[in-house]
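# A closer look at the structure
For reference, the chains in residue letters:
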Amino acid sequence: MKTTKLYSMIIKKHKSILDAVYNYSCELLDHTPRFQYFTLHGSKHIDNVVSNIDIMMNAGIELTEDQAFFLTCSACIHDLGMVIPLKDYLSNDIFQGRPQPAEPTNVEKLIRDYHHELIYSYIENKFDFLMKLGLSPSDCSILRDIAKSHRRVNLSETFGFVRCLGALLRLADELDISPSRAPASVLIDHYEEMDSTSCWHWLKHNISEDWRLGHNVIVQSNPTKTVKFLLAVHPPRKSSIPYWLTQLRRPIARVLFDEGVSREIARQWNVSIEIESSQDMSSCVGQELIPIEQKALSANRKLILVIDDESRKMEDLFLVLMGKYHIIYSSNAKDALEKLAAAPVDLAIVDLQIGSGFIWSASETHDFKLTGAVLCKTILEKYPKTKIGILTGSRHDLAEAESLDGLAFLLRKPINPEDFEKEVINVLS
Amino acid sequence: MFCHENALKPSITDPISVDPFIRYVLNDFLLENELQAGILCEWNEDRCGIDYVVIEGFPESPFIGSRQESLKHFIVQCLECYPAPHLHSAMRSDLWSEIAAVHDLSSWQSKTAFLPVSSSTRNYVLILFSESTISMKEQLYCSCSEVVETISQLRDMHSIKHKLRVMELYVREIGHDIASSVQAIISKLNAVSRGYITGRLANEKIKEAEEEIMSTYRIADTLGITVDPDYNIGNGKEFDAREVIARTVSLCKSEAEERHIDLRTGRSTAPIFVWGDEKAIQSALTQYVINAIKYGKGSSYINIYARKKDKQVEFIVQDIGEPIEDIDKAAMWEFGWRGDRAKEYHVNGSGIGLFTVKKIVQAHGGICEAYSDEENKHIVTFSFSIPEKDIIRKMQLL
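Computed from a prediction, not measured in an experiment: that's the story for all the values here. Each chain has its residues counted from 1, running along the sequence as written. Key to labels: chains lettered from A, ligands numbered from 1, both in the order written. The predicted nature of this model means local features are confined to residues of pLDDT at least 70 and side-chain atom pairs, given and counted, to a pLDDT of 80 or more, with totals for whole chains, interfaces and linings taken over all residues.

## As for the overall build of chain B
- A count of helical and extended segments in chain B gives 12 helices and 11 strands.
- Counting other C-beta atoms within 10 Å of a residue's C-beta gives its exposure: the residue is buried at 20 or more, exposed at 12 or fewer, and partly exposed in between, where C-beta atoms are placed from the backbone. Split into buried and exposed, the 398 residues of chain B put 36% on the buried side.
- Distance between backbone-placed C-beta atoms decides contact: two residues are in contact if it is within 7 Å. Counted over contacts in chain B with a minimum sequence separation of 6, partners at least 24 positions apart contribute 71%. Secondary structure elements are taken from DSSP: a helix is a run of H or I of four residues or more, a strand is a run of E of two residues or more, and numbering for both begins at the N terminus.

So this is what it looks like as structure tokens:
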């Protein structure tokens, strides 16, 4: 942190406060045990977030000294909610009524979902400490609100520093997909004992490329100043590059465009932020990661890909099957093909009326009423080992789908869940 | 009515080239007038290349490809030079050469005439081929009006057929939606009854199943309004708009959660009373919210609120999504209209939702609006305003 331009512009009085907050946060985050295979949220992450802010500053975002100080302090404390003792929280809040209070995944979920709000606890508990450092009550309040804004908070309902610095912090946090947050040595040594979700996250970080100004962070000045982040990945197999690029881009794009961070940054600093996937800068390396990728994508179980635009409605149908198979979902044909290229799908269960993801036109898909049938044909050609079942609620003519050779089954919704389970088990046995 | 202004303004229509009836009419017309051949072109510049021609005396295949474009371009130019109605004199060698470029006409008599014809909403160009075109001028004028009349009748038939097609599509889509909902309901109940989900979570699942049933009921309820040609306010009464919003949010919550969309309400703490068919207004508002969920950006938010404005109550649904194109603004309220983006973003639809909203709102003496924010085009607002008081009933009494 101390080598950054951001740090260098902070005045001496503020530096002493920042150093104390930084050291305290690093110690707390680095030395408090929490969940075994969370990606690192300690000093490394803080350094990366500050470094990402620094990149944006070097690219043209101009901060005042006050802004730099509050933003850097907030970056230090933004994840402290991860290590706040939960003894004061009701078990109902934590376990949401589930009858297994010993189940750590519920606590993990609570912390993942609400750690930004738990910042309040830190500020309350350490209020005296912060005051002694020289922060006023209103400073503490601003710090708390900026840190809280690093996720979920509706930025348009916040004001002043909280709004613009919260936006910048949220982006810098989301951009930290650096390999340093998930050391390769730990991943390689321990992936077998990791759950598939942790394995997926660690691999995601491992195959991502660090941000470097002039390399994959490009600044353009004409007509308006634009900072373009070019995502590049290096997974063990070439065929999975598009999948990983999509997975990495999605959360950053969500923060930028859906949550209004891009708008806030443009409003405050007149700088446009863009995120793009770069196939050209991506490559496949590290054959030793193949089994890890396999586990991350399939949990080393038989893999079912459900392609349905109303996937949430389908989740309960697969509840029983989840115990035996690894089940992933796609809502359109493009996403499904990316997943098929990345993972060895054993059974693709396709709905007929799905979006194509802009890869096919209305005329190619009978006005999108038979996108699923076109997808089935593609899977049959490109992935002959993948079995295909159709499960559709369509009331349109299904002759084209029925005429497909090689379908494992063609079922219409609604179907009795037990009959459906038997059908799937039979196909995969 | 036939007027040259219309003839020069292409309108959007479906292709009619495969319609056997119009083919029959034209053939009859040609025989009656001892013409060798005719081409009836349905005109639509916006969809150039999709619509094509009814051909008599030519091979079955329509004019397609660049050569057709050249012919079309030529005829448009002619129409600009000689506004309709105009019977062009024979021996237009340049027209003939364009036609000849499309088809080998070496065995044909090279005498031609063409004239634009138009009905109230469609424009056609009738190209005739004859050995004695000049002497037939008067007859052609007369017969042409017959063709226009026939075309007008055909248009009405076409419109009815179109409506029936859309309605069939709608019913099929409802079948699809209900099948999906029933699947979700029985899967939830099955998981509970087999003991895979227990305790509080089981109660949540049962509640979700109940909501899904209500959602299915809403679909069927809306169908009633859509298909009833005499729909008007049946159960008018004063109600609080905030309660309608709250129920709408409750109904749409699970669909919003599926796309990680936050439904935001609560701008007014005071009641907002308005007169109308509460159930229908809720149905209209729900349609807006469902559309916003379907076509808005995932992981974003939707603002839903009502406000009083000039003795009207305005219901507003605002989301982050694709900007509304000017070209779509008028068309989107029409029966069966579906934009290309709509088809891609959400394939299960029939283009009836907004039509039904408009029908409900108009029955209340109100208006519907849709627009993108001027600063940020991605902020999309759909609203409708209805009179605060019971002016409709008062008007009926008067």
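Read on for the rest.
## Details of the packing of helix α4 (residues 65-77) of chain A against helix α10 (residues 160-174) of chain A
Residues and elements named next belong to chain A.
- Only the stretch in contact is used when fitting a helix axis, every axis being a line fitted to C-alpha atoms; angles between N-to-C directions are given from 0 to 180 degrees. Close contact between α4 and α10 brings their axes to 10 Å; oriented N to C, the two are set at 50°. When the interaxial angle is binned, α4 and α10 end up oblique. Once α4 is placed against α10, the crossing between them reads as right-handed. Taken together, the residues of α10 that come into contact with α4 (itself represented by Gln 67, Phe 70, Leu 71, Ser 74 and Ala 75) are Phe 161, Leu 165, Leu 168, Leu 169 and Ala 172.
- Looking at side-chain class alone, the contact of α4 with α10 contains eight nonpolar, two polar and no charged residues. To sort the angles, those under 35 degrees are grouped as roughly parallel, those over 145 as roughly antiparallel, those from 65 to 115 as roughly perpendicular, and the leftovers as oblique. In this scheme the handedness of a crossing depends on how the near helix is turned from the far one: anticlockwise by less than a right angle means left-handed, clockwise means right-handed. Charged residues are taken to be Asp, Glu, Lys and Arg, nonpolar residues to be Ala, Val, Leu, Ile, Met, Phe, Trp, Tyr, Cys and Pro, and polar residues to be all remaining types, Gly included.

## Some remarks on the sheet that holds strand β6 (residues 262-264) of chain B
Residue and element names in this part refer to chain B.
- Only strands that DSSP links by at least two bridges are regarded as paired with each other. Taken together, the five strands give an open sheet; going across it, the order is β6-β8-β9-β11-β10, and neighbouring strands pair in mixed fashion. In this open sheet, the two edge strands, each paired with only one partner strand, are β6 and β10 (367-372). Averaged over all pairs of adjacent strands, the angle between their axes in this sheet comes to 15°, without regard to strand direction.
- Pairing analysis gives three bridges linking β6 to strand β8 (residues 301-309), with the strands arranged parallel. Bridge pairing in β8 links Leu 263 to Ile 302.
- Packed on one face of the sheet, helix α11 (residues 353-363) meets β10 and β11 (379-387) and runs near 135° to β10.

## Overview of the interface of chain B and chain A
- Every contact between the two is made by 32 residues of chain B and, on the other side, 32 residues of chain A.
- Where the side of chain B that touches chain A is concerned, the elements lending two or more residues are α5 (137-193), α6 (199-227) and α10 (340-345) of chain B.
- Sort the elements by how many residues they give to the side of chain B that touches chain A and α5 of chain B lands first, with 13 residues.

## As for the sheet that holds strand β3 (residues 271-277) of chain A
Residue and element names in this part refer to chain A.
- Reading across from one edge, β1-β2-β3 is the order of the three strands in this open sheet, with mixed pairing throughout. Each edge of the open sheet carries a strand with a single partner, namely β1 (217-220) and β3. With direction set aside, neighbouring strand axes in the sheet form an average angle of 20°.
- Sheet topology note: the β1/strand β2 (residues 225-231) ladder contains four bridges and is antiparallel. Its bridge partner being in β2, Val 219 is matched across the sheet by Val 227.

## Some details on the nonpolar core
- Judged by nonpolar contacts, the single largest core of 111 residues is most densely connected at Leu 71 and Leu 168 of chain A.
- Dropping the residues within four chain positions of it, Leu 168 of chain A is found in contact with Ile 53, Met 56, Leu 71 and Ile 265 of chain A.
- For this analysis, nonpolar core means a set of buried Ala, Val, Leu, Ile, Met, Phe, Trp, Tyr and Cys residues linked through C-beta atoms within 7 Å. The next biggest cluster of nonpolar side chains, apart from the first, holds 40 residues, and it includes Tyr 170, Ile 302, Val 313 and Ile 352 of chain B.

## Quick look at the confidence of the model for chain A
- Residue-level confidence of the predictor is summarised by pLDDT, bounded by 0 at the bottom and 100 at the top. Taken over all residues, the pLDDT of chain A has a mean of 89, while the share at 70 or more is 95%.
- Across chain A, the element-wise mean pLDDT spans from 57 in helix α5 (residues 91-95) of chain A up to 97 in strand β6 (residues 347-350) of chain A.

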